[in-house]
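The lines below spell out each chain.
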Amino acid sequence: MYRIPFLDLPPLAGAAGTVRLPGSKSISNRVLLLAGLAEGRTLVHELLASDDTAVMLDALRALGCTVEQDSASGALAVTGIGGRLPVHAARLYLGNAGTAMRPLAAALAVLATLQGGEFELSGVARMHERPIGDLVAALRPLGCTIDELGTPGYPPLRLRGTAGGRLALERAIRVRGDVSSQFLTALLLALPLAADAQDIVVEVDGELISKPYVEITLNLLARFGIAVRREGWQRFTIPQGSRYRTPGTIHVEGDASSASYFVALGAIAATGGDVLRIEGVGSDSIQGDIRFVEAAQAMGADVRTGPGWLEVRRGRWPLQGITLDANHIPDAAMTLAAMALYAEGPTRIEGIASWRVKETDRIAAMAAELRRVGASVVEGADFIEVSAPETWLPAAIRTYDDHRMAMCLSLAAFNPTVGARVPLRILEPHCVAKTFPDYFEALFALAKADPADIPVITVDGPTASGKGTLAAEIAAALGYGLLDSGALYRATGIAAMWDGVSPDDEAALATLAEGLDLRFGDGADAGRTWLRGRDITDELRLETSGLMASRVSAWPAVRAALHALQLSFRRAPGLVADGRDMGTVIFPDAALKVFLTASAQERAARRHKQLISKGISASLADLRADLEARDLRDRSRSVSPLKPAEDALMLDNSALSIEDSVAQVLAWWQQRRPFGHSA
Ligand SMILES: O=C(O)C1=C[C@@H](OP(=O)(O)O)[C@@H](O)[C@H](O)C1
Ligand SMILES: C=C(OP(=O)(O)O)C(=O)O
């Protein structure tokens, strides 16, 4: 996940490949709650790991459930409370997860009333602006004591009761369904706790919105042994004697709302025989958002489906604007608004009043951010109408702590598909953690771009100038990839030592370099390097490897052999490359070139400190002499001698901290990006 203040997306031209979706949020949190209320152990496979499920899991633990990784199956094992509260007081923080707040509020109101207890539920500031009054109004007439601790009608809530209380269940429970379907879902998930003596009837007042989410609820209740009878969308009966029974093992489908971004991506950018394959959700899905596929097809997407998969290609182009009542797909419908950027004629999405009370006011937020990239937008109380930009603008997109704003607007980076070429900045990209922490990684793995559009920052400089550290920090700050080109020469040197190839045998060294089987770790393995499958991370840093690299890298044939490999690191969203000839030879078109220097004395002192800290004794004078000899060799070699590119910015860090150097380079970078004033 990108935990950075902003992520710059270069103009992206195409997409192809396979994406495996994370688990469905709506299924994950329902399954967790049901498993938590049931008796016995439930093995949950492919559970979504994200902010929304993390708060649910924390809540279950606080309520006395056991949650552990099952080592045999790799699934998450939840041992439920069997409908009996072992813990009678807790304060639960539920972030911005509607699927945790609403169902837990209902379940704990029921449990506190029957068994006694006091529970406080709170969330992020926005959660305290998301309505829950209709649920409270449904529960109070049953005898539940619910204190609204902030604004009436909104969390935080306190649910309390004394043991031995009873619930008035003789009459139908009435709940409004036109603000959020989650209130009805919450009642249906919670009331089986109280159904031992009689049927429980829930009736919906007004038109129920987001109906397919209630179908997910009914489906999963059935998996846990509760067969709710439904009459239309008005009346639901939980039969007397209902008890949660764990199915033992349950698999969570991939998230159909998350699939929408890739369906859209395929429709926009999978061209010329390319296919975008989406795994984890398909024609057999129980999620209503799978019907986003029909809407995307109406706009022109070429989609094939089967059980557990979707395959998308560009169909009609440009896409075609549509008018759609999207009440049945409130979350995925946002993606249609992003597809409208690539459509002929306006796209009008209706029946979406609920957008205004979700993670943010999504109608207002969408309108504002789509306009920022150049689209024309008309908004109303319950609709949005979007027309494609006439002129695309480079834009810094605000995301309003709304995962879907970040994911939807990222699609605007594919503007080269309609002849534009503007980069895009996504502010606070980590908001995707709510349901899809690795969304951007998944997107970049599929995206294709013209290499010339992918920004490169080069950091060249002599040995021990700190360029590796600086480059790594810059890459981390921007979310860019990292090329430690020195490691390629060092690895070639190590391979030569392993194979007994002489550092003077240019041809043999070049052959080694060409076939270098080198792998750089990412994610949890970031910073580690493997050569021929062997971890050489520590070996790479040895002085002997450095000296070998300096000799090996002097050969033109070796440098040529490693050229293509280095270019292949230029991938979205961008690259920071450090070495000696990054700005002069390998990436002469880099958008920012930094030449890092420090006095020989300072560099020798740093190296000395580094070695001593590793328990390796060294003489400062010897280190300085070695370093100067190496500088001379690097500067005076005939191919790619160490020298600043003509357009490089010089940075002498002899007296600078690492933070100062990083801040300086980032400041230079900001000056070169088009987002300065709007970010
Ligand atoms: O029950 C659910 O899992 C959900 C219901 C929908 O909310 P509304 O019923 O409030 O529209 C949806 O937007 C939300 O992301 C998940
Ligand atoms: C509305 C959403 O979330 P929540 O489950 O918090 O309602 C959403 O994921 O788009």
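For clarity, every value in this text was computed on a predicted model and none was experimentally measured.

### Section: the site of ligand 1
Okay, step 1: For ligand 1, the set of nearby residues contains 13 residues, the closest of which are R30, S180, S181, D331 and K358.
Okay, step 2: The separation between an oxygen atom of ligand 1 and a polar side-chain atom of S210 is 2.6 Å.
Okay, step 3: One of the side-chain nitrogen or oxygen atoms of D331 is found 2.5 Å away from an oxygen atom of ligand 1.
Okay, step 4: Ranked by residues supplied to the shell around ligand 1, first place goes to helix α1 (residues 25–37) with three residues.
Okay, step 5: Residues that form the shell around ligand 1 fall into these classes: two nonpolar, seven polar and four charged.
Okay, step 6: Domain assignment of the residues forming the shell around ligand 1 places at least three in each of domain 1 (6–22 + 253–448) and domain 2 (25–239).

### Things to note about the packing of aromatic side chains
Okay, step 1: Within the structure shown, the criterion is met by twelve aromatic pairs.
Okay, step 2: An aromatic cluster is present here, built from Y2, Y261, F262, F436, Y439, F440 and F444 joined pairwise through their rings.
Okay, step 3: Sitting over the ring of F383, R348 keeps its end group 4.0 Å from the ring centre.
Okay, step 4: R519 extends its terminal NZ or CZ atom over the ring of W530, reaching a point 4.3 Å from the ring centre.

### A word on the side chain of S210
Okay, step 1: Within the element layout of this structure, S210 appears in the loop between β12 (200–205) and α6 (211–223).
Okay, step 2: Among all residues touching S210, those that are not within four sequence positions of it are S181, N327 and P330.

### Quick notes on the sheet that holds strand β20 (residues 323–325)
Okay, step 1: Reading across from one edge, β20-β22-β24-β23 is the order of the four strands in this open sheet, with mixed pairing throughout. Whereas interior strands pair on both sides, the edge strands pair on one side only; in this sheet they are β20 and β23 (376–379). Direction aside, the axes of adjacent strands within the sheet are offset by 10° on average.
Okay, step 2: As judged from the four bridges shared by β23 and strand β24 (residues 383–387), these two strands associate in the antiparallel manner. Among the inter-strand pairings, E379 is bridged to a residue of β24, identified as I384.
Okay, step 3: Contacts between helix α10 (residues 362–372) and the sheet are confined to β23 and β24, with β23 contributing the most and set at about 165° to the helix.

### A word on the environment of P641
Okay, step 1: Position of P641 among the secondary structure elements: in the loop between α21 (620–636) and β35 (649–652).
Okay, step 2: Classification of P641 by relative accessible area gives partly exposed; the value is 21%.
Okay, step 3: The sequence separation of P641 and L9 amounts to 632 residues, and the corresponding C-alpha distance is 33 Å.

### A look at the nonpolar core
Okay, step 1: Grouped together as the largest cluster of nonpolar side chains are 87 residues, with contacts concentrated most on F262, L265, I278, M366 and F440.
Okay, step 2: Here this core gets ten residues from one element, more than from any other, and that element is helix α7 (residues 256–269).
Okay, step 3: Contact partners of F262, with chain neighbours within four places excluded, come to V19, L21, L276, I278, F436, Y439, A442, L443 and L446.
Okay, step 4: Formed by 83 residues, the second largest nonpolar core is a distinct cluster that contains A35, L221, I238 and V252.

### Quick look at the packing of α1 against helix α2 (residues 51–62)
Okay, step 1: Relative orientation of the contacting elements α1 and α2 amounts to 5°, with a least axis distance of 10 Å. In this view, α1 runs roughly parallel relative to α2, as classed from their interaxial angle. Only D52, T53, M56, L57 and L60 of α2 make contact with α1, whose side of the interface consists of K25, S28, N29, L32, L33 and G36.
Okay, step 2: Looking at the contact of α1 with α2, its residues break down into five nonpolar, four polar and two charged.

### Describing helix α20 (residues 600–613)
Okay, step 1: Its 14 residues give α20 an end-to-end C-alpha distance of 20 Å, which sits within 8% of 20 Å, the value for a rise of 1.5 Å per residue.
Okay, step 2: Contact partners of the buried residues in α20: α17 (543–552) and α21.
Okay, step 3: Directly beyond the C-terminal end of α20, a positive phi value near 80° is found at G615.

### Here's the deal with the environment of R304
Okay, step 1: Within the secondary structure, R304 is located in strand β17 (residues 302–306).
Okay, step 2: Here the alpha-carbon distance between R304 and S283, two residues 21 residues apart in the chain, equals 9.2 Å.
Okay, step 3: Setting aside chain neighbours within four positions, we find R304 in contact with W309, L310, E311 and R313.

### Digging into the UniProt feature "domain: Enolpyruvate transferase" (unreviewed entry) in the chain
Okay, step 1: When the UniProt feature table is mapped onto this chain numbering, "domain: Enolpyruvate transferase" (unreviewed entry) sits at residues 16–443.
Okay, step 2: The span residues 16–443 is 29% helical and 23% strand by assignment, and the distance between its end C-alpha atoms comes to 10 Å.

### Let's talk about the site of ligand 2
Okay, step 1: The full set close to ligand 2 counts 14 residues, and K25, G98, R130, R404 and K434 are the nearest of them.
Okay, step 2: In the environment of ligand 2, an oxygen atom lies 2.6 Å from a nitrogen or oxygen atom belonging to the side chain of K25.
Okay, step 3: Measuring from an oxygen atom of ligand 2, one finds a backbone N or O atom of N96 at 3.2 Å.
Okay, step 4: Considered on its own, ligand 2 offers 290 Å² of accessible surface; in the complex 98% of this is hidden by protein.
Okay, step 5: Elements supplying a minimum of two residues to the shell around ligand 2: α3 (98–115) and α11 (403–410).
Okay, step 6: Classifying every residue of the shell around ligand 2 by side-chain character gives one nonpolar, five polar and eight charged.
Okay, step 7: Two domains each donate at least three residues to the shell around ligand 2, and these are domain 1 (6–22 + 253–448) and domain 2 (25–239).

### A few points about the pairing of strand β7 (residues 89–93)
Okay, step 1: Going residue by residue along β7, you find A90 and L92 tucked away on one face and A89, R91 and Y93 left uncovered on the opposite face.
Okay, step 2: Pairing of β7 with strand β8 (residues 117–122) involves five bridges; the strand directions are parallel. Note on β8: the bridge partner recorded for L92 is L121.
Okay, step 3: Handedness of the crossover joining β7 and β8 through α3: right-handed.

### Topic: the domain arrangement of the chain
Okay, step 1: What the domain assignment reports for the chain is domain 1 (6–22 + 253–448), domain 2 (25–239) and domain 3 (451–672).
Okay, step 2: The C-alpha-based centres of domain 1 and domain 3 are spaced at 39 Å.
Okay, step 3: Across the boundary between the two partners, domain 1 contributes nine residues, which contact nine residues of domain 3.
Okay, step 4: The interface formed by domain 1 and domain 3 holds one salt bridge in total.
Okay, step 5: Here D453 ties to R421 by a salt bridge, and the two come within 2.5 Å at their closest N and O atoms.
Okay, step 6: Applying the counting rule to domain 1 against domain 3 returns two residue pairs in polar contact (both at pLDDT 80 or more).
Okay, step 7: In terms of residue count, strand β1 (residues 6–9) provides more of the side of domain 1 that touches domain 3 than any other element does, three residues in total.
Okay, step 8: Its residues assigned to classes, the side of domain 1 that touches domain 3 comprises six nonpolar, no polar and three charged.

The rules behind the values
Residues numbered from 1 in each chain as written. Chains lettered and ligands numbered in written order. Predicted model: local features only at pLDDT ≥ 70, side-chain atom pairs only at ≥ 80, totals over all residues. Heavy atoms only, no water. Near = heavy atom within 4 Å. Polar contact = N/O pair within 3.5 Å; in protein donor to acceptor, adjacent residues only side chain to side chain. Helix = DSSP H or I, 4+ residues; strand = E, 2+ residues; numbered from the N terminus. Nonpolar A, V, L, I, M, F, W, Y, C, P; charged D, E, K, R; others polar. Domains from an automatic or database assignment. Phe/Tyr/Trp six-rings, centres within 6.5 Å; stacked < 30°, edge-to-face > 60°. Lys NZ or Arg CZ within 6 Å of the ring centre and 35° of its normal. Contact = heavy atoms within 4.5 Å. Pairing = 2+ DSSP bridges. Axes fitted to C-alpha atoms, helices over the stretch in contact; angles between N-to-C directions. Buried < 20%, exposed > 50% of the residue type's maximum accessible area, 1.4 Å probe, protein only. Core = buried A, V, L, I, M, F, W, Y, C linked by side-chain atoms within 4.5 Å. Parallel < 35°, antiparallel > 145°, perpendicular 65-115°, else oblique. Expected span 1.5 Å × (residues − 1). UniProt positions renumbered as here; feature names shortened; annotations may be inferred. Areas by Shrake-Rupley, 256 points an atom, 1.4 Å probe, with all protein chains shown as cover. Right-handed = clockwise from strand over helix to strand, strands pointing away. Salt bridge = Lys/Arg side-chain N within 4 Å of Asp/Glu carboxyl O.

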